[in-house]
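# Close look at the chain arrangement
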Amino acid sequence: MRVRQRARRLRPGDRVAVVAPAGPVPPSVLEDGVRLLKSWGLEVVVGEHVLDHHPRFEYLAGTDADRAADFQKAWCDPDVAAVLCARGGYGCLRMLDLIDWPAIAAVAPKIFAGSSDVTALHDAFATYVGQSTLFTPMSASVALTEDPLAAKLLHTMLFEPEQAMVLGAGSGDPIVGGTARGVLTGGNLSLIVSALGAPEAPPRAEGAIAVLEDVTEEVYRLDRLVTQLLRSGWFEGVAGIALGSWTDCGTLPEVRALMEDRLSGLGVPVAWELGFGHCPGQFSLPLGVEADLDSDAGVLRLAEPALT
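For clarity, every value in this text was computed on a predicted model and none was experimentally measured.

Further remarks concern the layout of surface pockets. Think of a ball as big as a water molecule: rolled over the atoms, this probe shows where empty space is left. Here the largest pocket is characterised by a volume of approximately 290 Å³. Around the largest pocket sit 17 residues that line it, and M138, S141, V142, A143 and H278 are the ones nearest its centre. For the lining of the largest pocket, the per-class residue count stands at nine nonpolar, seven polar and one charged.

This is the structure in structure tokens:
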């Protein structure tokens with residue numbers, strides 16, 4: 001798996017766009033997120049349909065066409081330096097086929113950031129655009145606005161990426177010890193599985209470090225998801241695996257036992273709970289950037305800053 005193009009870092013005065021490609025956005029949390037971004041010296045523009053609600057399905061922020069249009073308009077605006085996703089939930093998969101990906105790929109690299117359901121868009125960027133992206137807290141979520149540590153870590157990644165070269169909770173409690181080097185790939189486990197067989201499905205994790213996390217999935221469902229990745233060949237040739245948080249997925253001992261059962265047979269380093277995903281103080285994590293995994297120490301060390 002190849003290293004992808006990187007976007008440039010943010011500077012005070014840059015314009016950033018907030019879009020809602022998935023679930024509906026609470027207005028008060030959006031206001032808090034915009035206020036935080038402005039406190040960083042950024043000019044913030046909010047997509048036209050960010051506060052919309054789908055006319056039939058309450059779990060979607062507006063229609064698929066409107067969500068896709070907001071994303072495409074923001075990305076293709078030459079004055080926008082970063083496109084930040086407001087929240088996750090569900091909905092990104094529904095709009096992928098409504099985006100003009102050749103037009104997206106024609107734009108010079110810029111920051112794209114989000115997590116959870118936004119994994120579907122990270123996959124599409126990897127396949128159609130070939131640039132690195134950032135797996136981060138959402139700009140209109142309490143995971144950012146009410147978590148000073150997560151906000152600080154995101155700010156550092158965006159503005160001073162050379163100060164964000166070492167990522168991880170440093171748990172020092174590996175499932176399988178060892179070290180590995182590879183391009184970071186993955187994101188939310190259930191979304192990765194949902195992409196299998198689709199046009200935007202990322203290539204298998206050959207030579208890569210797979211980063212995986214999830215939320216509110218019972219252990220038997222995690223078992224199904226990981227087993228599907230194994231049976232599909234997605235892990236074939238993987239260099240190492242970095243596991244993030246498993247919030248509300250059953251007890252952590254149960255989840256750890258499952259991951260050990262399913263992944264230790266791959267014969268590669270497997271790190272446990274590195275502090276990214278749906279957890280307090282979550283790290284912002286670049287995808288498409290080369291890194292060294294030390295599963296014994298519980299850290300990832302980027303080979304180069306996530307942003308230029």
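Right, picking up where we left off after that structure.
For the rest of this paragraph, the subject is the nonpolar core. One finds L10, W40, I111 and L300 to be the most contacted residues of the largest nonpolar core, which totals 49 residues. Per-element tally for this core: the top contributor is helix α7 (residues 148-159), with five residues. In contact with I111, other than residues within four places in its own chain, are A7, R8, L10, W75, A81, A82, V83, L134, L158 and L307. Counting 27 residues, the second largest nonpolar core, distinct from the first, contains L189, A208, F235 and V268.

A word on the pattern of salt bridges. By the definition in use, this model includes 13 salt bridges. E304 is the partner of R6 in a salt bridge, and the nearest nitrogen-oxygen pair spans 3.5 Å. Of the two residues, R6 is situated in the segment before β1 (15-19) and E304 in the segment after β13 (299-302); the sequence distance between them amounts to 298 residues. Judged by relative accessible area, R6 falls into the partly exposed class, the value being 25%. By relative accessible area, which is 24% here, E304 ends up partly exposed. Its salt-bridge partner being D64, residue R67 comes within 3.0 Å of it at the nearest N-O pair.

This part takes up the packing of aromatic side chains. The relation between two aromatic rings is expressed through the spacing of the ring centres and the mutual angle of the planes. Enumeration according to the criterion identifies twelve aromatic pairs in this entry. An angle of 85° between the planes, with centres 6.3 Å apart, marks the rings of W40 and F159 as edge-to-face. Highlighted residues: W40 in the loop between α1 (27-39) and β2 (43-46) and F159 in helix α7, separated in sequence by 119 residues. The same class applies to W40 as to F159, namely buried. Centroid distance F71 to F112: 5.9 Å. Interplanar angle 80°. Geometry classified as edge-to-face. Pair noted here: F71 is in helix α2 (residues 64-76) and F112 is in strand β4 (residues 111-114), with a separation of 41 residues, a long-range link. A relative accessible area of 1% places F112 in the buried class. Taken together, the ring pairs connect F71, W75, W101, F112, F125 and Y128 into an aromatic cluster.

Thresholds, definitions, all that
Residues numbered from 1 in each chain as written. Predicted model: local features only at pLDDT ≥ 70, side-chain atom pairs only at ≥ 80, totals over all residues. Heavy atoms only, no water. 1 Å grid on protein atoms, 1.4 Å probe; cavity = no way out; pocket = protein on both sides within 12 Å on 5 of 7 lines; lining within 4 Å. Points joined across faces, edges and corners; volume = space filled by probe spheres on them. Nonpolar A, V, L, I, M, F, W, Y, C, P; charged D, E, K, R; others polar. Core = buried A, V, L, I, M, F, W, Y, C linked by side-chain atoms within 4.5 Å. Buried < 20%, exposed > 50% of the residue type's maximum accessible area, 1.4 Å probe, protein only. Helix = DSSP H or I, 4+ residues; strand = E, 2+ residues; numbered from the N terminus. Contact = heavy atoms within 4.5 Å. Salt bridge = Lys/Arg side-chain N within 4 Å of Asp/Glu carboxyl O. Phe/Tyr/Trp six-rings, centres within 6.5 Å; stacked < 30°, edge-to-face > 60°.

By themselves, these are just geometric observations and shouldn't be taken as functional.
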